[in-house]
Amino acid sequence: MNFCPQCGQALQERIIDGQPRKCCPAEGCGFVAWNNPTPVIAVLVEYEGKVLLARNAAWPEGLFSVITGYLEAGETPEECALRELGEELGLSGRIVATIGHYAFTQKNQLILAFHIEAEGEIKLNEELIEFRLVAKEKLKPWNFGTGLAVHDWLVSQGLPAELYPFQTSSLKTLESDLSGEEK
Ligand SMILES: [Zn+2]
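Residues numbered from 1 in each chain as written. Predicted model: local features only at pLDDT ≥ 70, side-chain atom pairs only at ≥ 80, totals over all residues.

A.B. asks: Which parts of the structure should I look at to understand the overall build of the protein?
C.D. replies: Assigned secondary structure in the protein consists of three helices and nine strands. Along the protein, helices (α) and strands (β) appear in the sequence β-β-β-β-β-β-α-β-β-β-α-α when read from the amino end. Summarising its shape, the C-alpha atoms of the protein cover approximately 60 × 35 × 30 Å along the three principal directions. When the 183 residues of the protein are sorted by exposure, 25% land in the buried category. Restricting the contact set of the protein to residue pairs at least 6 apart, pairs at least 24 apart contribute 57%. (Helix = DSSP H or I, 4+ residues; strand = E, 2+ residues; numbered from the N terminus. Buried ≥ 20, exposed ≤ 12 C-beta atoms within 10 Å, placed from the backbone. Contact = placed C-beta atoms within 7 Å.)

Right, here's the structure in full:
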């Protein structure tokens, strides 16, 4: 953000309580861009006994993750999780458990993760390009963001959950690991 959303002035950096903040210099305006993290809902979808991972249309080949979405105004995290399930996958389901919350500081997000058991016919929306159904035992949780929720969920299921160091170079490995899975 470079301009004040209240009055349009160019924002200037100031130190407030020891933190650099973008502030509006206009007299009587007082706008401060606090840059608080954005809540993101992550859904680990269990479908026919497997875990559904999907690839976003903007992601490189071989990169799959759990379903995520932004919390809407007036919505509870649980409502958001079920809405995303319907919008992105065309499925209905029930929340089995809250997995946990995860600070994703690299993206300035706070992830709230849920485990959902889903049913119905999978119909991806335009955000997603493909999906994989992965046996729980074959899940390899990545070491940041939603991967930490996948890790904790595996632990809760009594399954081995070694964190998988994620790098671009490992995408191909991840793909070959998953490619044997039923689509
Ligand atoms: Zn202003």
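Here the narrative resumes, following the displayed structure.
A.B. asks: Even after reading the chapter, I still don't get the pairing of strand β1 (residues 12-16), so can you show me in this structure?
C.D. replies: Regular strands show a simple pattern: their side chains alternate between the two faces of the sheet. For β1, the buried fraction is low: zero of the five residues fall into the buried class. Summarising the sheet, β1 and strand β2 (residues 19-23) pair through five bridges and their orientation is antiparallel. Opposite glutamine 12, over in β2, you have cysteine 23 as the bridge partner. Here β1 folds back onto β2 in antiparallel fashion, the turn holding two residues, of which aspartate 17 has a positive phi close to 50°. (Pairing = 2+ DSSP bridges.)

A.B. asks: Which parts of the structure should I look at to understand the pairing of strand β4 (residues 38-47)?
C.D. replies: Pairing geometry for β4 and strand β8 (residues 109-119), over ten bridges, is parallel. Its bridge partner being in β8, proline 39 is matched across the sheet by leucine 110. Sheet analysis places β4 next to strand β6 (residues 67-70), joined by four bridges and oriented antiparallel. Bridging across to β6, alanine 42 finds its partner in threonine 68. Summarising the sheet, β4 and strand β5 (residues 50-56) pair through three bridges and their orientation is antiparallel. For valine 45, the partnering residue across the bridge sits in β5 and is leucine 52. Counting the residues between successive antiparallel strands, the hairpin from β4 to β5 contains two residues, one of them, glutamate 48, with a positive phi of roughly 50°.

A.B. asks: How should I be thinking about the domain arrangement of the protein in this particular structure?
C.D. replies: Where interface size is given, it is often the accessible area lost as the parts come together that is meant. Domain annotation for the protein reports domain 1 (1-35) and domain 2 (38-178). Domain 1 and domain 2 are separated by 35 Å when their C-alpha centres are compared. (Domains from an automatic or database assignment.)

A.B. asks: Teacher, can you tell me more about helix α2 (residues 146-156) here?
C.D. replies: The periodicity of an α-helix, 3.6 residues per turn, causes residues three or four positions apart to be oriented the same way. Burial runs high along α2: eight of the eleven residues are buried. Taken residue by residue, α2 has Thr146, Gly147, Leu148, Ala149, Val150, His151, Trp153 and Leu154 as its buried positions. Structurally, α2 contributes buried residues whose contacts are with β4, β6, β7 (92-104) and β8. After α2 finishes, the residue glycine 158 shows a positive phi value of roughly 75°.

A.B. asks: Which parts of the structure should I look at to understand the environment of glycine 145?
C.D. replies: Note that glycine 145 resides in the loop between β9 (128-134) and α2. Judged by C-beta crowding, with 23 C-beta atoms within 10 Å, glycine 145 ranks as buried. Counting along the chain gives 54 residues from glycine 145 to leucine 91, while the straight-line C-alpha distance between them is 24 Å. In contact with glycine 145, not counting residues within four places along its chain, are Tyr102, Phe104 and Ile111.

A.B. asks: I keep staring at helix α1 (residues 77-89) and nothing clicks. Help me out?
C.D. replies: Between its terminal C-alpha atoms α1 stretches 18 Å, which fits the 18 Å expected from 13 residues at 1.5 Å a residue. Along α1, the positions that sit buried rather than exposed are Cys80, Ala81, Leu82, Glu84, Leu85, Glu88 and Leu89. Against β4, β6, β7, β8 and β9 lie the buried residues of α1. Just downstream of α1, glycine 90 is the residue with a positive phi angle, here 70°. (Expected span 1.5 Å × (residues − 1).)

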